[in-house]
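Spelled out from the first residue to the last, the chains are:
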Amino acid sequence: DLPILSLMWNTYDGWDGCEEDQEEILEMAIQHSMRFRSINLRLLHNDPFEFRSLLEGPTMALASLIVEVIRNGDPGEDGLEEFVLSQGAPLELLILDDTSLNFDSPRLSGLRIIILSRAAVPNSLDVLLQVLSVTQRLEQLSLSDKRRVGELLAPGPQVTLGRLKRLTLEDMSSDYCAAILCSIYAPVSSRVHVSDVRWREGHEPLDRLIWQTGNRQTAALLGLHQRSDTRGLTISISAKSEFVEISVREPEETGTRRFEFERTQASQMVKLLGEFFSGIRGYTPIDLVISTNIPQSDPFDLGPWSRGLESLELWSSIACLHAMEQLAQRTVTPAVSEATTSTATAQDWMCPNLQSITFNITETELQRNLHVAALLSLVRTRWSQTDGDPMPAIQPTNFIIIFNNSDCEELKDVEIEVQNVVLSFVFQSRR
């Protein structure tokens, strides 16, 4: 038997020999194509050599294929034309960057790793899902840098990727990225990075599908699906300006999960997220930061976040005021026993597990007074306890309100009054 070979070809970083030497070596590679176990090509987009003859040749033993096309100018320039794989053994690894493959090939069914960038990502979601539906051994999928134009995509039929552990969707058109998330189910995924930062008008209905209450596909990507206890996880959510970021921390460091979404109205996605997490079974700790504008006509609602919220940071004065009013409420009405004693517990309060609170307030003196009045009412209602009163809420380990420096000086007496009840409270000057 002839030995199995590997081919590495790099014209992008320069070539010491003459063009005739390259052509001769390519001809030799084509003649021996059936012996290659792996092919790794790094090409300039205007390479004069006919690499399609190699890629479409009888590569019977090929298991690993990497083709990277480098463009020095306009990404729309012509490069390597779409190629078709010949018959042969199933591939295990496929990495394509800015070159096109005809995906209608039985050799793709054994893939364990698929990494596609730019022109390599199919324009058609149906084509992509068809490939994924037959790659039952797939463990890693990465799609990136796809500037898709045309009609907005709709999700396709759900594809279950039962062995997929690593998923990367990065720098994709929003409708494409969202349609993929709506179309795949990866129950054992542990490393997920989604960067949906090419926002397109009209994709909002897809957001509602992704974050629909009870969506097991999204729950699986977050690491929440099929877990009997999610206390070991911490979900961190940050909504700022036109971006929403979500990260998941796991104590065992078995995986990392990070999601980034560009949205012109980040507050609307926050609302969808609240509804989604309220439907997750069990207790899931959540840290929430909102530094985007909250419309007064549609104030931020703590209700959906109540069960798992452990840390809250708000940078909207309207949202801060509304949050203080809600934190002074109970979600369960205290009952009274036959001995006329309350049966209320610390878990009856809105956001009973809230440990860290930061409110950043920038308002006029009149509006500042409204916030101070809401603060004092909150402290007396939620954390003060006198004989016969229901059980107060658990004290936070960190409670900060950020005002202008002059406000903090004037509110020293208020700070002392609050500290008599909540030891961790402090007014902090804005830097």
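To start, this report covers the structure provided alongside it. As the structure is a computational prediction, the values presented were derived from the model and not from experiment.

A short note on the overall build of the protein
No. 1: The number of helices and strands found in the protein is eleven helices and 18 strands.
No. 2: Burial statistics for the protein: of 431 residues in total, 48% are counted as buried.
No. 3: Partitioning the contacts of the protein with sequence separation of at least 6, the portion at a separation of at least 24 is 70%.

A few points about the nonpolar core
No. 1: Of all hydrophobic cores here, the largest spans 118 residues; its most connected members are Phe 277, Phe 300 and Phe 359.
No. 2: Setting aside residues up to four positions removed in sequence, Phe 359 forms contacts with Leu 312, Leu 314, Cys 320, Ala 323, Met 324, Leu 327, Phe 399, Ile 400, Ile 401 and Ile 402.

Some points on the pairing of strand E3 (residues 64-70)
No. 1: The element E3 is largely enclosed, with a buried count of five among its seven residues.
No. 2: Both strand E2 (residues 36-44) and E3 contribute to a ladder of seven bridges, which runs parallel. Bridge pairing in E3 places Ile 39 opposite Leu 65.
No. 3: Looking at chain direction, E3 and strand E4 (residues 93-97) are connected through five bridges and run parallel. In the sheet register, Ser 64 faces E4, and the bridge partner there is Leu 93.

Some words on the packing of aromatic side chains
No. 1: All told, the structure shown has ten aromatic pairs when counted by the stated rule.
No. 2: Between Phe 403 and Phe 427, the ring centres sit 5.5 Å apart and the planes meet at 45°, which makes this aromatic pair tilted. Of this pair, Phe 403 sits in strand E17 (residues 398-403) while Phe 427 sits in strand E18 (residues 425-429); the two residues are 24 residues apart in sequence, bridging distant segments of the chain. As far as burial versus exposure is concerned, Phe 403 and Phe 427 are alike and both buried.
No. 3: Three or more aromatic residues link up through ring pairs in this structure, and these residues are Phe 359, Trp 383, Phe 399, Phe 403, Phe 425 and Phe 427.
No. 4: The ring centre of Tyr 185 lies 3.9 Å from the NZ or CZ of Arg 216, which sits over that ring.
No. 5: The positively charged end of Arg 330 is found above the aromatic ring belonging to Trp 349, 4.0 Å away from the centroid.

Description of helix H7 (residues 266-278)
No. 1: Here H7 spans 19 Å end to end across 13 residues, near enough to the 18 Å set by a 1.5 Å rise per residue.
No. 2: Three or more residues of H7 are buried, namely Ala 266, Ser 267, Met 269, Val 270, Leu 272, Leu 273, Gly 274, Phe 276 and Phe 277.

As for unusual backbone geometry
No. 1: Despite not being glycine, Asp 98 shows a phi value in the positive range, around 60°.
No. 2: Relative to the assigned elements, Asp 98 resides in the loop between E4 and strand E5 (113-117).
No. 3: The phi dihedral of Asp 171 falls on the positive side, at around 55°, and the residue is not glycine.
No. 4: Along the chain, Asp 171 turns up in strand E8 (residues 166-172).
No. 5: Owing to a relative accessible area of 22%, Asp 171 belongs among the partly exposed residues under this scheme.

Some points on the pattern of salt bridges
No. 1: Under the definition given, this model contains 15 salt bridges.
No. 2: One salt bridge in this structure joins Arg 263 and Asp 207, with 2.8 Å as the shortest N-O distance. Placement of the pair is Arg 263 in the loop between strand E13 (256-262) and H7 and Asp 207 in helix H5 (residues 204-210), with a sequence separation of 56 residues. We note that Arg 263, like Asp 207, is buried.
No. 3: Residue Glu 410 is joined to Arg 368 by a salt bridge in which the shortest nitrogen-to-oxygen separation is 3.0 Å. With a gap of 42 residues between them, Glu 410 in helix H10 (residues 405-410) and Arg 368 in helix H9 (residues 365-382) connect regions that are remote in the sequence.
No. 4: Among the residues examined, Glu 410 registers a relative accessible area of 53% and is labelled exposed.

Examining the packing of helix H3 (residues 125-134) against helix H4 (residues 174-183)
No. 1: Close contact between H3 and H4 brings their axes to 11 Å; oriented N to C, the two are set at 35°. Of the two elements, H3 crosses H4, and the hand of that crossing is right-handed. Judged by residue contacts, Leu 125, Leu 128 and Leu 129 of H3 engage Tyr 176, Ala 179, Ile 180 and Ser 183 from H4.
No. 2: Residue classes in the contact of H3 with H4 are distributed as six nonpolar, one polar and no charged.

Some points on the state of the cysteines
No. 1: Under the criterion given, the structure shown has zero disulfides.
No. 2: Not part of a disulfide, Cys 177 finds its nearest cysteine sulfur in Cys 182, a span of 9.7 Å.
No. 3: Take Cys 182: its relative accessible area is 12%, and that puts it in the buried class.

A word on the pairing of strand E16 (residues 356-360)
No. 1: The element E16 is extensively covered by neighbouring structure, given that five of its five residues are classed as buried.
No. 2: Pairing of strand E15 (residues 309-314) with E16, which is carried by four bridges, proceeds in the parallel orientation. Residue pairing across strands places Glu 313 opposite Thr 358, the latter belonging to E16.
No. 3: As paired elements, E16 and E17 share five bridges and run parallel to each other. Residue pairing across strands places Phe 359 opposite Ile 401, the latter belonging to E17.

Remarks on the environment of Ile 246
No. 1: Examined against the element boundaries, Ile 246 turns out to sit in strand E12 (residues 243-249).
No. 2: With 41 residues separating them along the chain, Ile 246 and Asp 287 place their C-alpha atoms 9.8 Å apart.
No. 3: If sequence neighbours within four positions are ignored, Ile 246 has contacts with Trp 211, Leu 222, Ile 235, Ser 236, Ile 237, Arg 257, Arg 258, Phe 259, Phe 261 and Leu 273.

Side note on the environment of Gly 214
No. 1: Within the secondary structure, Gly 214 sits in the loop between H5 and helix H6 (216-221).
No. 2: We classify Gly 214 as exposed; its relative accessible area is 60%.
No. 3: For the pair Gly 214 and His 225, spaced eleven residues apart in the sequence, the C-alpha separation amounts to 10.0 Å.

Structural notes on the environment of Thr 11
No. 1: Tracing the backbone shows Thr 11 in the loop between strand E1 (5-10) and helix H1 (19-31).
No. 2: For the pair formed by Thr 11 and Ile 70, sequence separation is 59 residues and the distance between their alpha carbons is 9.8 Å.

About the cut-offs
Residues numbered from 1 in each chain as written. Predicted model: local features only at pLDDT ≥ 70, side-chain atom pairs only at ≥ 80, totals over all residues. Heavy atoms only, no water. Helix = DSSP H or I, 4+ residues; strand = E, 2+ residues; numbered from the N terminus. Buried < 20%, exposed > 50% of the residue type's maximum accessible area, 1.4 Å probe, protein only. Contact = heavy atoms within 4.5 Å. Core = buried A, V, L, I, M, F, W, Y, C linked by side-chain atoms within 4.5 Å. Pairing = 2+ DSSP bridges. Phe/Tyr/Trp six-rings, centres within 6.5 Å; stacked < 30°, edge-to-face > 60°. Lys NZ or Arg CZ within 6 Å of the ring centre and 35° of its normal. Expected span 1.5 Å × (residues − 1). Salt bridge = Lys/Arg side-chain N within 4 Å of Asp/Glu carboxyl O. Axes fitted to C-alpha atoms, helices over the stretch in contact; angles between N-to-C directions. Left-handed = near helix turned anticlockwise from the far one by under 90°. Nonpolar A, V, L, I, M, F, W, Y, C, P; charged D, E, K, R; others polar. Disulfide = S-S within 2.5 Å.

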